[in-house]
Structures are given as C-alpha cells and as structure tokens.
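Now for the letters of each chain:
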Amino acid sequence: MRVPPVRRTRESRFRVRAWMVILVAVLVGLFLSARGLASFYTDYLWFDSIGFGTTWRGLLWARFAPAAVFTTVFFVLMLVSLTIADRLAPHTRVLGPEDEMLARYSQTVGPYSGRLRILVSLIFAILAGGSVAGEWQRWILFTNAQDFGVKDAQFHLDVGFFVFRLPFLTFVFDWLFAGLIIIFIVSAIAHYLNGGIRLQAPFQRVTPQVKAHLSVILALMALVKTAQYYLGRYELDFSTRGFVEGATKTDVAAQLPAFNLLIVISVVAAGLFVWNIFRRGWVLPVIAVGLWGFVALVVGTIVPAIYQETFVKPNEQAKEKQYIARNIKATRAAFGLSDVKAEQYTYKDNLTTQDLEDNSQTISNARLWEPSVISANYQQFQSFQTYYQFLDADTDRYVIGNELRQVLISARELNTADLPSQSWVNQHVVYTHGYGAVVSPANEADVKTGQPRYELKDIPGSGSIALDRPELYFGEGLSGYSLVGAKQPEFNYARKNSNATNRYKGAAGVGLSSWLRRAAFSLRFGDQNLLISSQIQDSSRIIFRRDIRELVETSAPFLKFDEDPYPVVANGRLVWVLDGYTTSDRYPYSQSTTPSEGILAGTKFNYIRNSVKATVDAYDGTVTYYVVDTKDPVIRAYESAFPELFTDFGKMPKEVRDHLRYPQDLFRYQTDVYRKYHTTNPTTFFSGTGFWEVSADPATTGSTLDATPLTTGVPQSASSSGKRIDPLYVLSRLPGKTDEEFLIIRPFVPVSKGNSQNRLSAFMVARSDPGAKQRLASFEMPSGLNVAGPVQVDRTINNTDVISKEFTFLNQQGSRVRQGSIQIIPVKDSLLYVQPIYVLSENGDQPAFRFVIVYYAGEAKFAKTVKDALVQFGQFGGLAPTAGPTTEEPPASGGTSVDDLLRQASDAFNASQKALGEKDLGTYQDKVAELGRLLDQLANARSDEKGSGAPGSSSGSSSTTSTTSPTSTTKPKAGSGTQAVGAIR
C-alpha cells in the first residue's frame, strides 16, 4: 500500500535564518539605545545651532580616533597570536588524564575555530580599546603639541614635551604592556586547549613551537618595559620623594642611575627570551626575570631609600639647595607668579586731611554693601513676583555721572519652581525668560531705610544705566528647556490691567520643523508633549542648555570656568562673562596644589592660566571664547585643534572689555601658592621662617575648618588653622599711582600655630585691566613693625566699648547684627580698614545697612559713611562731613552748649518712642543710636567744664569711639552716655 506524501504546511517549512536573528538583535539594540541616539543627534543639532558644528565633529573624532586605533591594534595583535596558537597545535597527542576533555572540546569547537578567534579577539579589543576614548584630552594635546620656549632643569627638554607628549606616551606604553599580558594569558590558554601545553604530561609539557611563540611575546613585553623605564626617567621631574616636588638629590644621584641600569637589564632579558627559542627548557628566562626583579627591588627601591636617609637627610639643606631653587623657579612660572612686583610698603600712621582729600575717590568707593547681603534686598524689593529671583550679586564698576563707581549688579532671572501653576504650557511656553537687572552703587545706602540706591531698577526698568534688551533666556541655574515661536505668546512682565507678552526675535534654539526632531527631543527629555502638543509650529524652536555654565562647559569641555559668572550691561544688552582656565599637572618641578575651594576644588594641578574670557549673550545665547593669553601654550594647542571655537581678544567690544575682572578663583590659587613662594632664597625657603599664611577670616577665627590647602612636602615649624579670608574686589589707588583701578586684594599674616600671629605681613593685589603691564603686585610691611591684620582689627572693633554696646542694642527687638567683610584700603603710605554693619530680622530677611566702621592706627570709629567716620578721628577734623541722602545729621561740634545737647537728646528720645509706637524698628534704632552719641557728647561737655577735656572731642582719649591699638595695655574709657542710653531703655 502506497503511503501518500505528507503535505508540509507553510508553518512547518518556516526556518529561522541567521539574518532574522541579526535583524531582531539590531532592533532590540536600537530600542534600548534610542534615548542615547536621540541625545547624540540633538547634541549635534545644538552645536550646529550655536555655530560650533565643526567643534562637535572635532570632539567626536578626538574620542573616536584613539579608541578606533587602539581597538584595531589590539584586535590585530590578539588575532595574530591566536591564529599562530591554532597553527602550532600538535597533530598527534599522547593520551593523558586531561586529553579526553580537550579532545571533546576540539571536536566541538574545531569547525568554528576561525570565527571563535575573531569573536574572542573582538571582545577583548573592544574592552581594551574602548577605555581609550576617555583619553581624548591627552590625545588632543599630543597631536597639537606646542613648545613653551622653556627647558626643564634636569633633562634640558622643552617643557612642552612634559605637558603634551610625555603623558600620552606613558599611557600608550602602559596600555601596551597591559595588553601584552592579556594576549600572553589568552594565548597560553589557547595552547593548552590545543594540546601544545600539557600540565600533567610526564615528559615534554610545552612543545618547542609553543615555547617559541610565548618567548616572543615575553620578549615584546620586556622591550615595552624598556620604553617604560626610559620614560620613567623623565617622570622623575614630578617626584615627591624630596623636600619639594621634582627630581631632587636622591632622584638624580640614585633613582636615575637605577632606571638606566633597568633599561639595560630589560633589553638583555628580551634577548634571553629570544635566545630561549633555540634552547631547551626555561632556565635562562627564569634566571633573567628573577635577576630583573631583584635588581628592580634593590636598585630601584632599597638603594634610593637608603641614600635618602643616609646621605641626604643628615645635611638636607645643603644637598637639596640646588633642587629647591629649581622648584621655586618652576612653581612661580607655572602659577604666573614670576613677574609679581614685590615692593616694600613704607607703612606709617601719618595720614593728613590733605591725604584723604587727595584719595577721596578711593575712600568714597569703599564698599558699604556685601554681595551676599544685598542680594537678599534685591529679592525682597526688586523681584516683584515669585517667578523672578536674584541668585547672587556681583561686584563691578561703571561710569556714573562722569565718575568711575564701584557697583553691585544682579540679573532678575526666571524661577521655574514658583510659577503661578506648574502646567506644561506655563513651564515651557509661557514663562520662558527672566527680565532685566538691578545695579546699585556699592557705597551708598538710604539713611532712613538702610536700603541701597539704584542706578537700574524696577520692571520694565529705569535708571541711569540703560538696558534695551531686558529679556534673559540664558542665566545661572536654568535647567530644562523652553519653547519659543509657539502658538501662545510668552509672558514678559505684569502690568496693572494686563500682562505684557513677548515674541522671541533672537536666533537661539533648535528648530522643530520635522517630526524626527520632535521625536528626538521627546526622547531626550522624556516628554511626550514635544511630540503631540498643538502649541508647536513649524517655526517653533526649543532652547535648552540655558544655564550659562553648562553652555560654555559643553562647547569647550577642556576648559575650567570660574565659579562666579557675572552680568555686564553693554550696548543696552545683558552679557554674561565667564573666566576660563587651562590647567595641567605636568609642569616639571612645579609644586602641585589641591585646593578645597573654587572651581578646581579637589583637583590636583601645578600649572594654571586664565587664557579665555567667555561671553554669553543673555538674550540669544551667542557664546564667544576670547583668547586673552596668547602666550599660554595649552590654549594654543586647543586653538590648533578647534580654530573656529576661539576669537581674538582684540575683537571683544570695548563696552565688555571695560568690565573684565581679574578672576577670583585664579587669584585665590595664586595667593595660596605665593604665601610660600614669595621666598626665592632656597636656604630661607628650607627653614620656612619667611612663610606667610593668608589671613584667617575674622568671621570664623578659631574654627577648625581647613587651612589654606597647598599640597607640599615642605615642613614648617608652625601651622595656621581656620578658614582663610576670601579675595575682595575694591576700587582703589595703588601706592605710587595717580588713578583708581578695579583691583582684587588678599592679605597675608605670619604662619603660626592656632593663628596666634595676626599682624599684617603683606597684601597682594591684582589689576583687572588685561592690558596692564604689571598685573600682580605684593606689598610687604616693614619688618619689626606691628601693622594690624584683619583679625586684630576685628578684635579691636568688637572690643571698642561704644561699638560693642551698639551691637548689643541692635541685637534686640527681633533683629540681629551682621558684620560685613573687613576691607583693606591702601591710602598713601598707610592703611584704612572698613567694615559695614547691617541689621537683619531674626529670619535673615530684609537686611538694612546701619553704619560703617573705619579702623585706623589702632582706633575704630563709626558713622553712616566712611568720610563721616574719618571726621571723628581728631587729625582729620578738617574733612567736611558728607552731604546728601546717605548721611545722618552730623554730631554736635565742640561749640555746642550743654543745653543744646540736652534739647537734642530729648528730641531724639521722643522720636525713638514715637517710632517704637509705630513699630518702625529702623527709625527707632537710629534715634536711640543718635541719643547714645548725644549723651556721650554731653558727658564730655560736662567734663570739659571741669577742665578735663574738650567737648565733643574725637581724639584718641574720646570715650565715644576711641580704642587702643592691638599692642597697647591701656583700656578704653567706658562711654557714660552709652550707659545712660541703656538706663533710658
């Protein structure tokens, strides 16, 4: 009987094909990486939208090229080695205990051995080569290396070799040595699986062919080690073994010869590995490796350690003198301190009224407002709505009324956390930008309210400084994205009857004209509304990376930017300015530092330059990188790699250039280094007797916060503790100059245990004008003269009876005193210290300026203005009291009768009680303070009638404002009038 054939259904004939598996894998991979691909694509669109498309491709190539090269090299080496291992597999095998398992493996894998080799090589190559993408920055510097024009002191090579070439070459040979170790291990395993190596064989365990193969790999490893030893010689320029960083006595006399010997031994070892191919056994290679290791331990480690302890340390100062001199010179050059103009400051307490008049602009520009204090006032009185905020205030200078004035400026930025509602349309379509800025003189305050006076304020804006384009689409702390050109207009600012709206006319943003772009951004931000919202039109654009720090760091990721960007009003527009730094840890012989503050906190470096000033237009996001230091080889290397990214400094608009500042972070790091490296004599440097410390911050004196962090092996006899005083911007006149300049200043005191020495040793200043020939200067106080430092001044202020009682009074009625920063004001051959005083509510809101304290020659006086405080010093009685809205009624003169003083005191008391009844705390405090001063004058007037002094005197013996110098033993006389005030209360 014939059986009919079985009809195969379509389902039974279906077979899974290889291409189907590949297709499914590709689809799954695309699905899992969809968001990453969307970010990649939108990043390109963003770079292209700001005009840096070529930079994006350059950065991509810098990551891809070395990774591709190293991956390919490793793949070829591994594949060749595995191919050789398969070709050298023995054709016959003597059966042994382990051969049965290996035979089954060979039968199973044998047909696919070629593909297996490729797969194994590819996996290891991706693992070994993929990590190289992280070395993109070294690759850029290596391929665009520049010369410094300076040679290192030990090997006489250009510093550019150490900064640009040595780091990448060291990485290459370290990577190659590690790669050969992996190839050796994998090849040995392959030989074992192929039967070329048998661990349990009674006779020959390794075939001659396998021995030859592995010997060649070992020889290559030895030659790579030779290269590592050769480069290690140059790494001695960064040694930390000696008294200072760099190749010191032990490194030069013991470690360098050890490297030279190891180079010879490694070459000999490589030769022995090759010779071993023609000999039986492994005796010679084992002896070579053992001898190599022994010599490396003895000569490379033990001998230098013994040499250091036996020959160097007993006479370390003499042995290390030459190398300390190298370190000093290199460190000063690497931190830009070589050209610091060091001057002796012939300090004298001999100022006259004429001196003060001649320096009136310097004195009048003393800052009465702290940036951290005034930003709270801005938020209280100038934000107007919860969706606006002032994140901080920045110090700058503007020409106001034909006079250069120090001001504080802050941008009114968008606060997305406090919108009227958190709907998607509100967050991304309606509330898209901040609006305007405020500018107020740093040296003025309203006498009645204690609030600043404005040169630019309110919405839509008024004042002497014009801001024609007040919308801020880019600022500090802005995250997420906004949509412009949507159907609904954007909110501009609130008006009485209706809101003012806006249509964006700038060029910022990426167009959303296609579904592909909308889908990509939807994936990037995880927001489906970008795909389905009817608000989006073909003309709509998405603005993201609105935070100015993120913007500049993304487009120039190889630069570091100052922590404190600041806004500038230039040509009616608001422009953000950011200081960009180039750094390196590869400057030979330079001392490394690892700061705990600023943008480079926690980063180790020994070279720094402020080579770039970046500007970002707050309206259209235009970013420009101006190269201000063309002598910096590091920025020249980046210019060579990304020519379209950088702009010549000469093209910066003058309106912006006039507002450039010397960067605070850079000055902080330079002063941290200069505190020791102002000492250029190696012998004095070794002893440490001339070291300084940045003055402790008086607000935290006695705290256990970190000291100025300079990572160094230099011992010192004493160490200061506590937070260091921050650099401070001032508009002042340098000694010997005729014009005021915008400076940054920081004081030094002697190094001492527990900050026991607080006298002023020196102060350092930096000029903000980039065109200044001498930007850094140091002024050292005369030796043997006790010039009060900031901590001593602070103690004197708080120990002055009338001031301390004023503080006690102001710290009542639900308010508290906040003392501002102590400013150093150089005037001729002397110094004034100025400290503003504020009153804050218990919760810290609405700070109000109350008075300013001036310290001079051991005494502290206070008034509403610096000039009025100076009037109270007896020798400056010829100064006319300040007129205008910022000054209070001048104190009674010496000719005022007792009856007049009593009448004025009665009026002040009545006014204080009236203010108290009306809950006007500010006026109440002012009137009680005025009453205290009148009663003090009354006490002086009564003693004058008895022949004990002149009424209203403000000399050194005055009970009103007198104090003693920090070194005096005379106690100030308590003010009877102030005690009377307490009684009246």
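Look a little higher up for the structure.
The sections below set out a description of the structure shown in this document. (Residues numbered from 1 in each chain as written. Predicted model: local features only at pLDDT ≥ 70, side-chain atom pairs only at ≥ 80, totals over all residues. Heavy atoms only, no water.)

1. Topic: the packing of aromatic side chains
How two aromatic rings sit relative to each other is given by the distance of their centres and the angle of their planes.
In step 1: What the rule picks out here adds up to 66 aromatic pairs.
In step 2: With centroids separated by 5.9 Å and ring planes inclined at 75°, the aromatic side chains of phenylalanine 148 and tyrosine 587 adopt a geometry described as edge-to-face. Note that phenylalanine 148 is positioned in the loop between α7 (136-143) and α8 (159-194) and tyrosine 587 in the loop between β18 (573-584) and β19 (607-617), a separation of 439 residues in sequence.
In step 3: Judged by relative accessible area, which is 16%, phenylalanine 148 ranks as buried.
In step 4: Here the aromatic cluster, defined as three or more aromatic residues joined through ring pairs, consists of Phe52, Phe558, Phe561, Tyr625, Tyr638, Phe642 and Phe646.
In step 5: In this structure, lysine 225 is placed above the aromatic ring of phenylalanine 177, and the distance from its NZ or CZ to the ring centre is 4.9 Å.
In step 6: Positioned over the ring face of tyrosine 566 is arginine 661, at 4.0 Å from the centre of the ring. (Phe/Tyr/Trp six-rings, centres within 6.5 Å; stacked < 30°, edge-to-face > 60°. Helix = DSSP H or I, 4+ residues; strand = E, 2+ residues; numbered from the N terminus. Buried < 20%, exposed > 50% of the residue type's maximum accessible area, 1.4 Å probe, protein only. Lys NZ or Arg CZ within 6 Å of the ring centre and 35° of its normal.)

2. Looking at the sheet that holds strand β15 (residues 541-544)
In step 1: Overall, antiparallel pairing links the three strands, which are arranged β11-β15-β14 in an open sheet. Unpaired on one side and paired on the other, β11 (481-484) and β14 (510-511) mark the two borders of the sheet.
In step 2: Its contacts with the sheet place helix α17 (residues 515-525) against β11, β14 and β15, and it is angled at close to 30° to β15. (Pairing = 2+ DSSP bridges. Contact = heavy atoms within 4.5 Å. Axes fitted to C-alpha atoms, helices over the stretch in contact; angles between N-to-C directions.)

3. Concerning the environment of isoleucine 374
In step 1: By the secondary structure assignment, isoleucine 374 is in helix α15 (residues 371-382).
In step 2: A relative accessible area of 0% means that isoleucine 374 is categorised as buried.
In step 3: Separated by 474 residues in sequence, isoleucine 374 and alanine 848 have C-alpha atoms that sit 8.9 Å apart.
In step 4: For isoleucine 374, the contacting residues outside a window of four places in its chain are Trp369, Ala393, Leu408, Ser440 and Pro452.

4. Comments concerning unusual backbone geometry
In step 1: Each neighbour pair has its own omega, and for isoleucine 459 with proline 460 the value is 10°, a cis peptide bond.
In step 2: Looking at the element boundaries, proline 460 is found in the loop between β8 (456-457) and β9 (462-463).
In step 3: Phi is positive for tyrosine 589, which is not a glycine, with a value near 75°.
In step 4: Turning to its location among the elements, tyrosine 589 is positioned in the loop between β18 and β19.
In step 5: The exposure class assigned to tyrosine 589 is buried, which follows from its relative accessible area of 2%.
In step 6: We note that lysine 828 has phi near 55°; this positive angle belongs to a residue other than glycine.
In step 7: Lysine 828 sits in the partly exposed class, given a relative accessible area of 45%.

5. Thoughts on the side chain of aspartate 617
In step 1: Along the chain, the position of aspartate 617 falls in strand β19.
In step 2: Within the structure, aspartate 617 has its side chain in polar contact with the backbone nitrogen of aspartate 620 (distance 3.1 Å).
In step 3: Residues contacting aspartate 617, with those up to four places away along its chain left out, are Phe474, Arg573, Leu574 and Thr622. (Polar contact = N/O pair within 3.5 Å; in protein donor to acceptor, adjacent residues only side chain to side chain.)

6. Considering the nonpolar core
In step 1: Counting 165 residues, the largest nonpolar core has Leu483, Val552, Phe558, Val616, Tyr625 and Phe646 as the members making the most contacts within it.
In step 2: Apart from residues lying up to four places away in sequence, phenylalanine 558 is in contact with Leu59, Trp136, Gln137, Tyr638, Phe642, Leu645 and Phe646. (Core = buried A, V, L, I, M, F, W, Y, C linked by side-chain atoms within 4.5 Å.)

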